[in-house]
Amino acid sequence: MIDVSKLNIKEINQRLLAGEFSAVDLANHYLAKISAKNKDLFAYLEVYDDVLEQAEKADQKIKAGAATLLTGIPLAVKDNILVAGKIASASSKILENYTATYNATVIDKLKEAGAVFLGRANMDEFAMGGSTENSAFGPTKNPHDLSRVPGGSSGGSAVAVAADLCVAALGSDTGGSIRQPASFCGVYGLKPTYGSVSRYGLMAMSSSLDVIGPITKNSADAEIIFNFIKGQDPYDSTSVTDDGGAGQVKKIGVPKNYLNQGLDADVLAQFETSLKKIAAQGYEIVDISDDVKNLEHSLAVYYIIMPAEVSSNMARYDGIKYGSKIDGANLIEGYFKTRGGLIGGEVKRRILLGTYVLSAGYADEYYNKAWQVRNLIKKDFEKAFEKVDAVVMPTSPVPAFKIGERAENPLQMYLADIFTIFANLVGVPAMSVPDGFVQREGINLPTGFQIIAPHLQEKRIFKLAEHF
Amino acid sequence: MALMKKEDVEKLAVLARVELSPEELAKIPAQIDEILSYVHKIDSVTADEQNARIESAAVRNVTRPDNFDTAFGNVAALIAAAPEAADNYIKVKKIL
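Report follows, based on the coordinates. These numbers were taken from a predicted model, which means no experiment stands behind them. (Residues numbered from 1 in each chain as written. Chains lettered and ligands numbered in written order. Predicted model: local features only at pLDDT ≥ 70, side-chain atom pairs only at ≥ 80, totals over all residues. Heavy atoms only, no water.)

Some remarks on the overall build of chain B
Heads up, the rule is: Counting from the N terminus, the helices are DSSP H or I runs at least four residues long and the strands are E runs at least two residues long. For the radius of gyration, the atom set is restricted to C-alpha positions; the globular benchmark scales as 2.2 Å times the number of residues to the power 0.38. For every residue, the accessible area (1.4 Å probe, protein chains only) is compared with the maximum for its type, and the residue is labelled buried under 20%, exposed over 50%, or partly exposed between those bounds.
The number of helices and strands found in chain B is three helices and two strands. Taken from the N to the C terminus, the helices and strands of chain B come in the order α-α-α-β-β. Against the globule reference of 12 Å for 96 residues, chain B gives a C-alpha radius of gyration of 23 Å, more extended than a compact globule. Across its three principal directions, the C-alpha atoms of chain B cover 55 × 50 × 25 Å. Taking all 96 residues of chain B together, 27% fall into the buried category.

Here it is, written out as structure tokens:
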């Protein structure tokens, strides 16, 4: 079996079609790698027991001349995306043995394309977190430095890609959960336009913000997977058709004033190096600080709207319809005990916060006001995108931090999302692209360069990503 | 001035149907307090119905007729997923 770690999806596909190796060979190759490395990294919660069966079906498709670019390609799936007949636990005890009863639309599409699902990737519980330390089953480690976090909440997916335990992975992004771990692990992470990828079969965290997207080793693979999973879906009424746009970029905006937000000096230096590299390609760099004055309120707006939506979405986990339960003396006590005993601290914190900001007497001050400010941020970016074709900034203000370093202080953890959040609030697509390293204690830690485009203009992002 | 006291968190926990351990009850009020203090940043933003309104032709209500033409294909799996089930019913404790 040749070394496929540096090959992209197209190259692997060519070799599969040429018969250089089979989908079963490829699957066995990755199963062996996972077997060797997963105990140290804990990227996967579970490897599916039918991987070779799936690979055999892929080989049949290839032999029949019916292969697509994704046929036989081994993928990791974040634990909050439903694969029928498989456990999906959102890394939570309350769903520890929950078996999905239907496929998410993205899974149906990838299955139709002949992709092979290797297993489910670890995450922060119910996608709430920025480090994967909130998983009920243990943290995932950053392959660049095992004492550090891989980021979150799609930490398992990012590590599976970074450590070559799959060709690509699916993650979900509500406030940066694809982009930030991609940045910490030195891989590519795309959050598509809100609505461009169906959310049917994605366990809802914050329904006006959640997006499924690919985590990959290169930009071309992200584009391929995006094209397969996108599409308007009658089962998701917030979904829209997205052709990615024309991909023309001349002017690139940077909100220079906004970058003074606890940005690590080395990370800033790396960002400026990348910015110079991009400018040298002939793009005009424009300071959009004055156009996006409300951007500084993104985090505050997010930490009102998101917990509100979380508190509503989490109400379904009651130990009655599915999942695990802890019995009580009566119905309502059962709710308290089940939710109290099986849901983790960060999730509880956000449920309580959301309950508060939606409660009578407070909803106007918090929730309604937050929506108004959200709309102002949207309008700011409408203005900015009249002047520039894309916006760039660092993905994260810091490189991967140590396991345990931010775990005790929720607000400190939240501040790491400062550059990713607005893309979810506004709904625009954004991708983190690995652009270099900073050194910590003699070890090179990856940094991410974030490229943001207007709604439905993913092709502009792929165009700029070519330069990295 | 603490926005959030232990009794406030207890009330929220009842509303949210979430039992909190004594350790959680000790830590959470201060944590939520810190977060609420931070999000009060938005108080400084001038926003009202007028300037904070977004008109978009692309945004519309998506509905379909309330016709039940296809049933979910795997009812057995749904029943099997319930922690307590009997016949084709999901079992719950009595409500009244």
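Next, the rest of the story.
Comments concerning the overall build of chain A
Worth spelling out the cut-off: Here, residues are in contact when the closest pair of their heavy atoms is within 4.5 Å. Surface accessibility follows the Shrake-Rupley procedure with a 1.4 Å probe radius. Residue values consider only the protein chains on display as shielding.
When you go through chain A residue by residue, the secondary structure sums to 15 helices and eleven strands. A compact globule built from 468 residues should have a C-alpha radius of gyration of about 23 Å, and chain A, at 21 Å, falls within 12% of that. Judged by the C-alpha coordinates and their principal axes, chain A covers about 70 × 60 × 50 Å. Burial statistics for chain A: of 468 residues in total, 65% are counted as buried. Residue pairs in contact within chain A that sit at least 24 positions apart in sequence constitute 75% of those at least 6 positions apart. Taken as a whole, chain A presents about 15500 Å² of accessible surface, with 49% of it coming from carbon and sulfur.

Re the pairing of strand S3 (residues 116-121) of chain A
Residues and elements named next belong to chain A. The condition is simple: Any two strands with at least two DSSP-identified bridges between them are counted as paired. A right-handed crossover is one whose linking path, passing over the helix from the first strand to the second, runs clockwise when the strands point away from the viewer.
Burial of S3 is extensive: six of the six residues sit out of reach of the surface. Two strands pair when backbone bridges link them, and strand S2 (residues 74-78) and S3 are joined in this way by five bridges, in the parallel orientation. Its bridge partner lying in S3, Pro74 is registered against Val116. The parallel pair S2 and S3 is bridged by helix H4 (residues 105-112), and the resulting crossover is right-handed.

Observations regarding the environment of Glu284 of chain A
All names here are of chain A. Tracing the backbone shows Glu284 in strand S8 (residues 284-287). Residue classification places Glu284 among the partly exposed positions, given a relative accessible area of 43%. Between the alpha carbons of Glu284 and Ser432 there is a distance of 20 Å; along the sequence they are 148 residues apart.

Let's talk about the pattern of salt bridges
The line we're drawing: For salt bridges, the criterion is a side-chain nitrogen of Lys or Arg within 4 Å of an Asp or Glu carboxyl oxygen.
The full count for this structure, using the stated rule, is 27 salt bridges over all chains. Asp145 of chain A is paired through a salt bridge with Arg148 of chain A; the nearest N and O atoms lie 3.1 Å apart. Of the two residues, Asp145 of chain A and Arg148 of chain A, both sit in the buried class. A salt bridge links Lys321 of chain A to Asp318 of chain A, with the nearest nitrogen and oxygen atoms 3.1 Å apart. Overall, the relative accessible area of 13% leaves Asp318 of chain A in the buried class. Members of the salt-bridge network, linked through shared partners, are Lys325 and Asp327 of chain A together with Glu84 and Lys93 of chain B.

A closer look at the environment of Pro83 of chain B
Tracing the chain through its elements places Pro83 of chain B in the loop between helix H3 (75-81) and strand S1 (85-86). Among the residues examined, Pro83 of chain B registers a relative accessible area of 31% and is labelled partly exposed. Setting aside residues up to four positions removed in sequence, Pro83 of chain B forms contacts with Gly319, Ile320, Lys321, Tyr322, Gly323 and Lys325 of chain A.

Describing the packing of helix H7 (residues 219-229) of chain A against helix H15 (residues 458-465) of chain A
All names here are of chain A. What counts, and what does not: Axis angles are defined between N-to-C directions and span 0 to 180 degrees, where every axis is a line fitted to C-alpha atoms and, for a helix, only to the segment in contact. Orientation is classified from the angle alone, with under 35 degrees giving roughly parallel, over 145 giving roughly antiparallel, 65 to 115 giving roughly perpendicular, and any other angle giving oblique. Crossing handedness is defined as follows: a turn of the near helix away from the far one that is anticlockwise and smaller than a right angle gives a left-handed crossing, while the clockwise case is right-handed. Ten residue types, Ala, Val, Leu, Ile, Met, Phe, Trp, Tyr, Cys and Pro, are classed as nonpolar, four, Asp, Glu, Lys and Arg, as charged, and the remainder, Gly among them, as polar.
Contact geometry for H7 and H15: axes closest at 9 Å, N-to-C directions at 160°. By the angle between their axes, H7 is roughly antiparallel relative to H15. At the point where H7 passes H15, the crossing takes the left-handed sense. Counting all contacts with H7, which are made through Ser219, Ala222, Glu223 and Phe226, the residues of H15 involved are Glu458, Phe462 and Ala465. Counted by class, the contact of H7 with H15 contains four nonpolar, one polar and two charged residues.

Brief notes about a nonpolar patch on the surface
Residues and elements named next belong to chain B. The criterion, for reference: Patch criteria: residues need more than 30% relative accessible area and no salt bridge. Like-charged residues are merged within 9 Å; nonpolar side chains of Val, Leu, Ile, Met, Phe, Trp and Tyr are merged within 5 Å.
A cluster of nonpolar side chains, Ile90, Val92, Ile95 and Leu96, forms an exposed patch at the surface whose accessible area comes to about 460 Å². Along the chain, Ile95 turns up in the segment after strand S2 (89-90). The exposure class of Ile95 is exposed, given its relative accessible area of 64%.

As for the pairing of S8 of chain A
All names here are of chain A. Bridge count between strand S7 (residues 251-254) and S8: four bridges; the pairing is parallel. Bridging across to S8, Gly253 finds its partner in Val286. Taken together, S7, helix H8 (residues 265-279) and S8 form a β-α-β motif whose crossover is right-handed.

Observations concerning the interface of chain B and chain A
The condition is simple: Accessible area that two parts lose when put together, with a 1.4 Å probe and added across both, is what the buried area reports. Any pair of nitrogen or oxygen atoms within 3.5 Å is treated as a polar contact; in protein, a donor-acceptor pairing is required on top of that, and neighbouring residues in sequence qualify only through side-chain atoms on both sides.
Contacts between the two partners involve 51 residues from chain B, matched on the other side by 55 residues from chain A. Around 4500 Å² of area is buried between chain B and chain A when both sides are counted, 68% of it from carbon and sulfur atoms. The tally of links between chain B and chain A comes to six salt bridges. Of the charged contacts in the structure, one is a salt bridge between Lys348 of chain A and Glu24 of chain B, with a shortest N-O distance of 2.9 Å. The interface formed by chain B and chain A includes 14 residue pairs in polar contact (both at pLDDT 80 or more). Those elements that provide at least two residues to the side of chain B that touches chain A are helix H1 (6-15), helix H2 (22-39) and H3 of chain B. The leading source of residues in the side of chain B that touches chain A is H2 of chain B, at ten residues.

Notes on the packing of aromatic side chains
All names here are of chain A. Condition: What counts as a ring pair is set by centres within 6.5 Å for rings of Phe, Tyr and Trp (its six-membered ring), and what kind of pair is set by the plane angle: stacked under 30 degrees, edge-to-face over 60, tilted for all other angles. The criterion is that NZ of a Lys, or CZ of an Arg, lies within 6 Å of the ring centre and within 35 degrees of the ring normal, and then a charge sits over that ring.
Inspection of the entire model under this criterion finds 18 aromatic pairs over all chains. Ring geometry for Tyr362 and Tyr366: centres 6.4 Å apart, planes at 50°, overall tilted. Judged by relative accessible area, Tyr362 falls into the partly exposed class, the value being 33%. Over the aromatic face of Tyr322 sits the side chain of Lys321, whose NZ or CZ is 5.5 Å from the ring centroid. For Arg406, the ring lying beneath its charged end belongs to Phe401, and the centroid distance is 4.9 Å.

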